[in-house]
Number of protein chains: 2
Amino acid sequence: MTGKLFVIGTGPGNPDQMTPEALGAVAASTEFFGYFPYIDRLNLRPDQIKVASDNREELNRAQTALIRAAAGVNVCVVSGGDPGVFAMAAAVCEAIDAGPDDWKSVDLVIVPGVTAMLAVAARIGAPLGHDFCAISLSDNLKPWEIIEKRLRLVSEAGLVIALYNPISKARPWQLGKAFEILRETLPATTPVIFGRAAGRPDERMLVMALGEAAAERADMATCVVIGSPETRIIERPGLPELVYTPRFLKDASR
Amino acid sequence: MTGKLFVIGTGPGNPDQMTPEALGAVAASTEFFGYFPYIDRLNLRPDQIKVASDNREELNRAQTALIRAAAGVNVCVVSGGDPGVFAMAAAVCEAIDAGPDDWKSVDLVIVPGVTAMLAVAARIGAPLGHDFCAISLSDNLKPWEIIEKRLRLVSEAGLVIALYNPISKARPWQLGKAFEILRETLPATTPVIFGRAAGRPDERMLVMALGEAAAERADMATCVVIGSPETRIIERPGLPELVYTPRFLKDASR
């Protein structure tokens, strides 16, 4: 009999945004595999073993976890946010797909969580209140031309756009280029939200118009949400502004 | 001083998928506004008052909650899933935007949750492992032509597509038409997931190829996820199949 292989999301980092289901998976596991900042969010017992790894080693990490689960150990693969959104659930599936047959029998339990764009949206209003998309801006795993094509099509479609992995030291220019492309289709007044570390002590929310949006305002902990032409801003005296996208859309010309 | 106005998501319905933050908001509130099946998910104290309403009365419900919060009561507006995804957070923002000035001073706290597509994805593998979008198929709030246009553009973009509100008694043909449109762009073998009531006792997960996908397999509790051309199925002996979208994409022609 195999062990269980849990794949969990910690949520965006506020412990109150981690579900009881994910906490239950943590309690039931003895070995933990993940990028170290995510593993460090967990309060583990002395008998629970951390196997931290770097954030470029997803497939390797998934394979190691599968070997241990197939050997009968209850293991937990840890993602931030939701494990199914640009995270470890796909890496574990890839490893099973390409791996030895006995990995297909591993008792796999994927536990959903609150993904970054939902936490950012909640802090600023309801920018994802209508049709939206989530696109990873990392060209490590797909060609940049595909990212450009997707940005053009989804902005033409009028979707709100959540950009994951917007910027890093190794990818400094992609976000600025994305803003350039979106300016070709979207009004310069379209609200852009730089949602950093939503729900954590170092949270920072910033709203700029697309015409002025500067890539330097984002870092690796930022989820960038670009509104649709319908997205609106509510100014509130003495309180942060609210950004939301109405549920209705009347203009059939779009 | 106003009361607090919490806008929470219960998650998809499994109590273990509701966050401690949402439970804290429930404990801090005395009046509850929402569609009755969502309010009924909460274990309320005798002093807590339920004001249930029908699921077509979002704006009215938001206004009533704002009146009560402005009067000093701590109120809780309850959505299923995440309140920011096709749910009450946008309705509350709309009401504030169009309402009297004092509603802008209400202490608004939006609490994110696990939205249906994440729960469905977790139960079936990792279909949202790469770029994806969420589109409401309801033409009550936007013209059908816009929905068609969006479906064409996002399938051309190669995004995985999560359809919310796929079907209802009043909207019987829209999902079938959506499948027709997607068949024009996507391979007939593209996996389609009918994810019903994920995480609840009446859960039902069904995977069909787009070529055979039949709208009758969905109901109001279903989130329909249509893969991209890269989405893959892993057959597992004695276990349900896994559906996932790889994190990488090598084919620059798409």
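Within an unreviewed UniProt entry, the label attached to chain A reads Precorrin-3B C(17)-methyltransferase, and the organism entered is Shinella kummerowiae. Turning to chain A, the UniProt annotation filed under Pathway (unreviewed entry) states: "Cofactor biosynthesis; adenosylcobalamin biosynthesis."

A. Region of the structure containing the overall build of chain A. Counting its secondary structure elements, chain A contains seven helices and 13 strands. Against the 2.2 N^0.38 benchmark of 18 Å for 254 residues, chain A shows a C-alpha radius of gyration of 20 Å, consistent with a compact globule. With respect to the principal axes defined by its C-alpha atoms, chain A has extents near 60 × 40 × 35 Å. Out of the 254 residues in chain A, the part that is buried amounts to 55%. Restricting the contact set of chain A to residue pairs at least 6 apart, pairs at least 24 apart contribute 74%.

B. Structural context of unusual backbone geometry. Residue and element names in this part refer to chain B. Within the chain, phenylalanine 86 stands out as a residue other than glycine whose phi angle is a positive 50°. By the secondary structure assignment, phenylalanine 86 is in the loop between β4 (75-79) and α4 (88-98). Here phenylalanine 86 falls in the buried class, since 26 other C-beta atoms lie within 10 Å of it. Notably, asparagine 165 is not glycine yet its phi reads approximately 50°, a positive angle. Relative to the helices and strands, asparagine 165 is located in the loop between β8 (160-164) and α7 (174-185).

C. Representation of the domain arrangement of chain A within the structure. All names here are of chain A. Domains assigned within chain A are domain 1 (4-114) and domain 2 (117-244). Inter-centroid distance (C-alpha atoms) of domain 1 to domain 2 is 28 Å. With seven residues of domain 1 at the contact, the number on the domain 2 side is ten residues. Each residue belonging to the side of domain 1 that touches domain 2 can be placed in one class, and the counts come to four nonpolar, three polar and no charged.

D. Quick look at the nonpolar core. Of all hydrophobic cores here, the largest spans 172 residues; its most connected members are A:Val77 and B:Val77. In this structure B:Val77 touches B:Leu5, B:Phe6, B:Val7, B:Phe33, B:Gly34, B:Ala62, B:Ala65, B:Met88 and B:Val92, once residues within four positions along its chain are discounted.

E. Quick peek at the pairing of strand β7 (residues 132-136) of chain B. In terms of residue burial, β7(B) counts as a mostly covered element, since five of its five residues are buried. The alternating pattern of β7(B) places B:Phe132, B:Ala134 and B:Ser136 and B:Cys133 and B:Ile135 on opposite faces, both of which are buried. As defined by bridge partners, strand β7 (residues 132-136) of chain A adjoins β7(B) across three bridges and the pair is classed as antiparallel. Bridge assignment links A:Phe132 to a residue of β7(B), and that residue is B:Ala134. Across five bridges, the pairing between β7(B) and β8(B) is parallel. Paired with B:Ser136 across the strands is B:Tyr164, a residue of β8(B).

F. Quick look at the packing of helix α3 (residues 58-70) of chain B against α4(B). Residue and element names in this part refer to chain B. Contact geometry for α3 and α4: axes closest at 8 Å, N-to-C directions at 65°. Read as a crossing pair, α3 and α4 show a hand that is right-handed. Each of Glu58, Leu59, Ala62, Gln63 and Leu66 in α3 lies in contact with α4, whose residues at this interface are Met88, Ala91, Val92, Glu94, Ala95 and Ile96.

G. Structural detail: the sheet that holds strand β11 (residues 222-226) of chain A. Strand order in the open sheet formed by ten strands is β10(A)-β9(A)-β11(A)-β8(A)-β7(A)-β7(B)-β8(B)-β11(B)-β9(B)-β10(B), with mixed pairing between adjacent strands. Across the chains shown, the open sheet's two edge strands, defined by having one partner strand only, are β10 (204-209) of chain A together with β10 (204-209) of chain B. With strand direction ignored, the average angle separating the axes of adjacent strands in the sheet is 15°.

H. The packing of helix α6 (residues 144-156) of chain A against helix α6 (residues 144-156) of chain B, seen in detail. At their nearest, the axes of α6(A) and α6(B) sit 9 Å apart, and the two run at 175° to each other. Taken together, α6(A) and α6(B) sit at an angle that is classed as roughly antiparallel. On α6(B), the residues touching A:Leu153, A:Val154 and A:Glu156 of α6(A) are B:Leu153, B:Val154 and B:Glu156. A breakdown of the residues in the contact of α6(A) with α6(B) according to their chemical character gives four nonpolar, no polar and two charged.

I. Representation of helix α4 (residues 88-98) of chain A. Within α4(A), nine of the eleven residues are buried, which leaves the element mostly enclosed by the surrounding structure. The complete set of buried residues in α4(A) reads A:Met88, A:Ala89, A:Ala90, A:Ala91, A:Val92, A:Cys93, A:Glu94, A:Ala95 and A:Ile96.

J. Just the environment of B:Thr190, in detail. Residue and element names in this part refer to chain B. The residue threonine 190 is located in the loop between α7 and β9 (191-196) in this model. Under the C-beta neighbour-count criterion, threonine 190 is labelled buried, with 23 such atoms within 10 Å. Contact partners of threonine 190, with chain neighbours within four places excluded, come to Ala209, Leu210, Ile226, Gly227, Pro229 and Thr231.

K. Just the sheet that holds strand β2 (residues 31-35) of chain A, in detail. All names here are of chain A. Spatial ordering of the open sheet is given by β3-β2-β4-β1-β5, a layout of five strands whose pairing is parallel. Looking along the sheet, the strands with just one partner apiece sit at the ends: β3 (49-53) and β5 (107-111). Strand-to-strand, the axes of this sheet are offset by a mean angle of 20°, without reference to chain direction. Pairing of strand β1 (residues 4-9) with strand β4 (residues 75-79), which is carried by five bridges, proceeds in the parallel orientation. In the strand pairing of β4, isoleucine 8 is matched with valine 78. Across the sheet, helix α1 (residues 20-27) touches β1, β4 and β5, and the angle it forms with β1 is around 140°.

Rules used throughout
Residues numbered from 1 in each chain as written. Chains lettered and ligands numbered in written order. Predicted model: local features only at pLDDT ≥ 70, side-chain atom pairs only at ≥ 80, totals over all residues. UniProt positions renumbered as here; feature names shortened; annotations may be inferred. Helix = DSSP H or I, 4+ residues; strand = E, 2+ residues; numbered from the N terminus. Rg over C-alpha atoms; globule rule 2.2 N^0.38 Å. Buried ≥ 20, exposed ≤ 12 C-beta atoms within 10 Å, placed from the backbone. Contact = placed C-beta atoms within 7 Å. Domains from an automatic or database assignment. Nonpolar A, V, L, I, M, F, W, Y, C, P; charged D, E, K, R; others polar. Core = buried A, V, L, I, M, F, W, Y, C linked by C-beta atoms within 7 Å. Pairing = 2+ DSSP bridges. Axes fitted to C-alpha atoms, helices over the stretch in contact; angles between N-to-C directions. Left-handed = near helix turned anticlockwise from the far one by under 90°. Parallel < 35°, antiparallel > 145°, perpendicular 65-115°, else oblique.

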